[in-house]
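Residues per chain are reported as follows:
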Amino acid sequence: MRDSLACLLLASFALWACEGGSRDRSPRLTETSPGRLAAANTLEFSAEGCCATTIASGDFNGDGHADLVVPRAEANGDGNSFNDDGIVVFFGRGDGDFESAAIFPGHESAFDGMTVVTANLDGDHLDDVAVLNRHGLMVYRARATGGFADPVYFENGHGFDDCRRKMVAADFTGDGLDDLAYEDQVAEVMTHLGRAGADPEPGPASSIDGIDHCALAALDFDDDGALDLLVSTSHELWTARGDGHGGFTAERHFHGSDDRPSLGQLAVADFGQDGLQDFAVAVSQSNRLDLWQARRGGVFDLVRQVELPAVAVDIVAADFDGDGQADLATANQEAGTVSVILMSGSFSPRSRTDIETDGQALALSVGDFDSDAIDDLAILNAEPRPSIRLLLSATH
């Protein structure tokens, strides 16, 4: 375990890949004292014809370095929809830098790719990529050569009204392979189950009451060894008990101190350092995070509220300062910032640093991009031009 003598090193990456671009490797600032932020290298790519709303990290070629992936789409010309044009992958070098972006085409039946997750679906120790779009699921199985097999497409007849962050990857069946759970437009949780050496196969579908489901997260809330689901809706939180075979049964719903809070994205971690999985949820009407502590028996208590500069459109939990305690980061799109919240084991924030992202921060992903064994942060910006920026944690 490393002590808290750490800082976040702001490395600007405008990583875009619809067309080739230039790389500017000149240093911006070089202050790296504890608690200070410094800009580093910048990579820039043309952004014409691209669209992405989520970002994910994984090791797609087995070299031990964290890579990045975003869905890529091209405008139809009607201004209202996009043709799915695959994924854009940035292969990491392990030093905070990346290879030039690589584009992998999508499936001809897929369009409006909106959310992406990474998972080991086939047991080959490489991270695969799953993209949820308006009408189905597209899966890319990674190859050790650094590429992907042609994507497999699973159509969903009900469609997805807004699939952003409505998919989660985890081992729901306990077989050592990751599975996928995602919600469709009629509030059914669909699953695709990982298979060794093969494409994932459709699993059970489960109905969860409620409307306007915003996000899914995986956790074992009843401590029975089978992963369950936590679901945020526009006004409530639901827990759904996993049966160990990919099916889920809604257990209970609850909400916080507000009568009808407007709830959003979720982040799960052991914030209390007691071996139980707690969670944070964004409350958009109040520009805050609510922190919920897990109790034995599947019960959660609201224990802390953390103010934010704007609505958090995405949340991640990770250890950004190497002290062994899960911290939080939020993407504050309207404010054009990311908030990094360093936590203590008593659910009390030690500090909150708001970092300007030079754009509208839309989505976040965690990975060790510079191979120092401390979590770093990738930020997907939407405006004024699509870009990816990195916050690199550095010890001193």
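**A word on the overall build of the protein**
Here's step 1: Looking only at helices and strands, the protein has zero helices and 30 strands in total.
Here's step 2: In the protein, which comprises 396 residues, the share counted as buried stands at 58%.
Here's step 3: Contacts spanning at least 24 positions in sequence make up 50% of the contacts within the protein whose residues lie at least 6 apart.
Here's step 4: If you sum the accessible surface of the protein, you get close to 15,200 Å²; carbon and sulfur atoms cover 45% of it.

**Quick word on the environment of F320**
Here's step 1: Its location among the elements puts F320 in the loop between strand 24 (314-318) and strand 25 (327-332).
Here's step 2: F320 sits in the buried class, given a relative accessible area of 3%.
Here's step 3: Measuring from C-alpha to C-alpha, the distance between F320 and D375 comes to 5.2 Å, with 55 residues separating the pair along the chain.

**Here's the deal with unusual backbone geometry**
For residues other than glycine, phi is negative in most cases, and the peptide bonds are mostly trans.
Here's step 1: With a phi angle near 70 degrees, H125 is a residue other than glycine that sits in the positive phi range.
Here's step 2: In this structure, H125 sits in the loop between strand 8 (115-119) and strand 9 (128-132).
Here's step 3: Of note, A373 is a non-glycine position whose phi angle comes to about 70 degrees, a positive value.

**Brief notes about the sheet that holds strand 12 (residues 167-170)**
Here's step 1: If you trace the four strands from one edge of the open sheet to the other, you get 12-13-14-15, paired in antiparallel fashion. At either end of the open sheet lies a strand with only one pairing partner, and these are strand 12 and strand 15 (198-207). The average undirected angle you get between the axes of adjacent strands in this sheet is 20 degrees.
Here's step 2: Bridge count between strand 14 (residues 188-195) and strand 15: six bridges; the pairing is antiparallel. Within strand 15, the position partnered with M190 by the bridge is A205.

**A closer look at the sheet that holds strand 21 (residues 278-283)**
Here's step 1: The strand order across the open sheet built from four strands is 20-21-22-23, with neighbouring strands paired in antiparallel fashion. The strands lining the two open edges of the sheet, one partner per strand, are strand 20 (263-269) and strand 23 (299-307). Averaged over all adjacent pairs, the angle separating strand axes in this sheet is 25 degrees, with direction ignored.
Here's step 2: Where strand 21 meets strand 22 (residues 288-295), five bridges bridge the pair, whose relative direction is antiparallel. Opposite F279, over in strand 22, you have W292 as the bridge partner.

**Points about the pattern of salt bridges**
Here's step 1: Counted according to the given criterion, the structure contains eleven salt bridges.
Here's step 2: Taking the shortest distance from any N to any O, the salt bridge between D301 and R295 comes out at 2.8 Å.
Here's step 3: Residue classification places D301 among the partly exposed residues on the basis of a relative accessible area of 29%.
Here's step 4: Given a relative accessible area of 36%, R295 falls into the partly exposed group.

**Observations concerning the packing of aromatic side chains**
Here's step 1: The full count for this structure, using the stated rule, is eight aromatic pairs.
Here's step 2: Centre to centre, the rings of F104 and F148 are 4.9 Å apart; their planes meet at 75 degrees, and the pair counts as edge-to-face. Residue F104 is found in strand 7 (residues 102-104), and its partner F148 is found in the loop between strand 10 (136-140) and strand 11 (152-155); the two are separated by 44 residues along the sequence. Across this residue pair, the class does not change: F104 and F148 are buried.
Here's step 3: A connected cluster of aromatic rings, assembled from ring pairs, spans F60, F104, Y140 and F148.

**Concerning the pairing of strand 28 (residues 361-367)**
Here's step 1: Most of strand 28 sits out of view: six of its seven residues are buried.
Here's step 2: Across six bridges, the pairing between strand 28 and strand 29 (residues 376-381) is antiparallel. Residue pairing for strand 29: L364 is matched across the bridge by I379.

**Here's the deal with the nonpolar core**
Here's step 1: By size, the foremost hydrophobic cluster in this structure holds 17 residues, and its most contacted members are V69, I87, V89, F104, V129, Y140 and F148.
Here's step 2: Taken together, the elements giving at least two residues each to this core come down to strand 6 (82-90), strand 7, strand 9 and strand 10.
Here's step 3: Apart from residues no more than four positions distant in its own chain, F148 is found in contact with F60, I87, V89, F104, D127, V129, Y140, R141, A142 and R143.

**Examining the pairing of strand 13 (residues 179-183)**
Here's step 1: Of all five residues in strand 13, five are buried; the element is thus mostly enclosed.
Here's step 2: The alternating pattern of strand 13 places D179, A181 and E183 on one face and L180 and Y182 on the opposite face, and all of these are buried.
Here's step 3: Bridge count between strand 12 and strand 13: four bridges; the pairing is antiparallel. Pairing of A170 across the sheet is with D179, part of strand 13.
Here's step 4: Note that strand 13 and strand 14 share four bridges and pair antiparallel. Bridge assignment links L180 to a residue of strand 14, and that residue is H192.

**Details of the confidence of the model for the protein**
Here's step 1: For the protein, the average pLDDT comes to 79, and 75% of its residues sit at 70 or higher.
Here's step 2: Per-element averaging of pLDDT across the protein places strand 2 (residues 23-24) at the bottom with 36 and strand 4 (residues 56-58) at the top with 96.
Here's step 3: A low-confidence stretch, residues 78-82 stays under pLDDT 50, and its non-local contacts, those more than four residues away or across chains, total ten contacts.

What counts, and at which threshold
Residues numbered from 1 in each chain as written. Predicted model: local features only at pLDDT ≥ 70, side-chain atom pairs only at ≥ 80, totals over all residues. Heavy atoms only, no water. Helix = DSSP H or I, 4+ residues; strand = E, 2+ residues; numbered from the N terminus. Buried < 20%, exposed > 50% of the residue type's maximum accessible area, 1.4 Å probe, protein only. Contact = heavy atoms within 4.5 Å. Areas by Shrake-Rupley, 256 points an atom, 1.4 Å probe, with all protein chains shown as cover. Pairing = 2+ DSSP bridges. Axes fitted to C-alpha atoms, helices over the stretch in contact; angles between N-to-C directions. Salt bridge = Lys/Arg side-chain N within 4 Å of Asp/Glu carboxyl O. Phe/Tyr/Trp six-rings, centres within 6.5 Å; stacked < 30°, edge-to-face > 60°. Core = buried A, V, L, I, M, F, W, Y, C linked by side-chain atoms within 4.5 Å. pLDDT = per-residue confidence, 0-100.

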